Amino acid sequence: MPSFKAPRGTRDILPAERATWGRLERTAADLAARYGYREIETPLIEQTEVFERGVGEVTDVVEKELFRIAPRTEEAESWSLRPEPTAGIVRAYVQHGMQTWPQPVKLTLVGPMFRYDRPQAGRYRQFWQFDVEVIGDPGPAVDAELVELGLRFYRDVGLEGVEVLLNSIGDAACRPAFIGELTDYFRVHVDRLPPLERERLERNPLRLLDSREPVMQELNALAPKISNLLCEACAAHFAEVRAHLDALGVGYRREPALVRGLDYYTRTAFEFYRRGAEGQQQALGGGGRYDGLVELLGGKPTPGIGFGIGLDRVVLALESSGVAAEPEPHPVAVVVGADPDGTVDRLRIATRLREAGLAARAELGRRKLGKQLEAAAKEHAHFAVILGDELGDGQVQVKDLEAGTQRLVALADLARELARAHGAHRHGPDETEGRPS
Ligand code: AMP
């Protein structure tokens, strides 16, 4: 028999771990709603050109990492799996005429992204992002609001010690001079450049700055910094972003070498790291301003800013910092009975309990009552509802599996009785689960 496995760089998230993901998604959705973001979904595939134009043709993400879908003969278009969400969201903004909506348009999504990358811990070919985008606001105040939201997300999910590295990477006015200096600098060291970097030196020298080649780390450390070459407008914008962060009491670290790997960024750029883990190229999230992107994708000139937080890495960081996995929900009741042919009664009663809003499972197999009770205890059900002879009188035995007590309850009162007893237990003085509410 063949033995099938999830494709390299992808993985299954099994139920015990998925519960933590659910918690992150709920935190993301709650926070995004509180900050005024509206939910959007865009397709996992886009026309390849959306990414080529949006992300930039001469970037790792497009040149090396794009999952291209082999074109079908009956379709002329070339598609790719999305490597990041911003280009697709901006494509949707333009397509649906969102520039006529009240500005700015604030959008959020959580979903999978795909990059054909070399897999390793924290680097996958399918990974998830919590993404927010603000389109139609030139900042600088909203830039600070976004950074504050990102940091709050990490705090709310229980991850301590996350800091933000902040930079401004200029705009169309000041970047040409910077690119000129950069090109001059790398030309001096051209002999040390790896082949791809050497080729990129002529096509997109900015991308040398986020190269992951070891020799480039050294060269980049001494490369010219955009922060010294910002035009007056960009410098003033950056100063205002920082002033707003200061006023909010949000700490940040200026990182003049931060550039971000995608072409569409302008001005504010930031990345989130765990303190002390900056060198490992394992950002927990990143974002920035993209004032030229809407226009690049066919809309009117419109500023924008957003971030993507990598949920896979947040889960890894929570695990490594000892934050307990989110417990899976347990059933309130399991309906069991000694009669192997009693599945109709068990299913009917479980169905009624679910109708009343309770998590209930019915034993639908033919195993012995003792085994049924064992299974119920193992899955941490609070109660076993045991069907026996009393059923003829409209009554059932209710066994509290946590307290070990048992009593007769009228069927007519069962749902109400279980809800009351379960609620009293959960919210009572001996609450032990300690879950965040
Ligand atoms: P980027 O737009 O490349 O900065 O990605 C934003 C965030 O997504 C990063 O900071 C990571 O947390 C996460 N991320 C990017 N690529 C991967 C990957 N291959 N595997 C897991 N997470 C990733």
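Placed above this text is the structure.
Residues numbered from 1 in each chain as written. Predicted model: local features only at pLDDT ≥ 70, side-chain atom pairs only at ≥ 80, totals over all residues. Heavy atoms only, no water.

Student: Honestly, helix α4 (residues 86-95) in this entry has me stumped. Any pointers?
Tutor: An α-helix turns once every 3.6 residues. As a result, residues three or four positions apart point the same way. Taking burial as the measure, the 10 residues of α4 include nine buried ones, the bulk of the element. Listed as buried for α4 are Thr-86, Ala-87, Gly-88, Ile-89, Val-90, Arg-91, Ala-92, Tyr-93 and Val-94. Its buried side turned inward, α4 meets β2 (45-47), α2 (48-54), β5 (105-114), β6 (126-135) and α10 (293-296). A positive phi of about 60° marks Gly-97, the residue just after α4. (Buried < 20%, exposed > 50% of the residue type's maximum accessible area, 1.4 Å probe, protein only. Helix = DSSP H or I, 4+ residues; strand = E, 2+ residues; numbered from the N terminus. Contact = heavy atoms within 4.5 Å.)

Student: I'm lost on the sheet that holds strand β15 (residues 395-400) in this one. Help?
Tutor: Two strands in a sheet stick together by hydrogen bonds in their backbones, pointing the same way (parallel) or opposite ways (antiparallel). Strand order in the open sheet formed by five strands is β13-β12-β14-β15-β16, and the pairing between neighbours is mixed. If you trace the sheet from one side to the other, it starts and ends with β13 (360-362) and β16 (406-410), each paired once. Put simply, the sheet's adjacent strands are angled 30° from each other on average, direction ignored. Bridge analysis of strand β12 (residues 333-337) against strand β14 (residues 383-387) gives five bridges, and the strand direction is parallel. Each residue of the ladder has a partner; that of Val-334, found in β14, is Ala-384. With respect to the sheet, helix α12 (residues 343-355) is in contact with β12, β13 and β14, its orientation differing from that of β13 by roughly 170°. Sheet strands touched by helix α13 (residues 369-378): β12, β13 and β14. Its angle to β12, the strand with the most contacts, is close to 175°. (Pairing = 2+ DSSP bridges. Axes fitted to C-alpha atoms, helices over the stretch in contact; angles between N-to-C directions.)

Student: Would you mind showing me how to read the side chain of Thr-48 here?
Tutor: Along the chain, the position of Thr-48 falls in helix α2. Only 2.7 Å separates the side chain of Thr-48 from the side chain of Ser-78, close enough to count as a polar contact. Residues in contact with Thr-48, not counting those within four places in the same chain, are Leu-66, Arg-68, Ser-78, Trp-79 and Ser-80. (Polar contact = N/O pair within 3.5 Å; in protein donor to acceptor, adjacent residues only side chain to side chain.)

Student: Looking at this structure, I do not really get empty space enclosed by the protein. What am I missing?
Tutor: By rolling a water-sized probe across the atoms, one finds the places where empty space is left. One pass over the structure, following the stated rule, counts one cavity of 30 Å³ or more. For the largest cavity, the calculated volume is near 50 Å³. Lining the largest cavity are Phe-178, Leu-209, Asn-220, Ala-223, Pro-224, Lys-225, Pro-256, Ala-257 and Val-259. Residues belonging to the lining of the largest cavity are distributed by class as follows: seven nonpolar, one polar and one charged. (1 Å grid on protein atoms, 1.4 Å probe; cavity = no way out; pocket = protein on both sides within 12 Å on 5 of 7 lines; lining within 4 Å. Points joined across faces, edges and corners; volume = space filled by probe spheres on them. Nonpolar A, V, L, I, M, F, W, Y, C, P; charged D, E, K, R; others polar.)

Student: Can you help me understand the pattern of salt bridges in this one?
Tutor: Side-chain pairs of opposite charge can arise whenever the charged atoms involved come near each other. Applying the stated criterion across every chain, the model contains 26 salt bridges. The partner of Arg-267 in a salt bridge is Asp-171, with the nearest N and O atoms 3.5 Å apart. A residue pair is termed long-range when its members are at least 10 positions apart, and Arg-267 in strand β9 (residues 266-274) and Asp-171 in the loop between β7 (162-168) and α6 (175-188) qualify at 96 residues. Assigned by exposure class, Arg-267 and Asp-171 land together as buried. Several salt bridges converge on common partners, so that one network encompasses Arg-361, Glu-363, Arg-367 and Glu-379. (Salt bridge = Lys/Arg side-chain N within 4 Å of Asp/Glu carboxyl O.)

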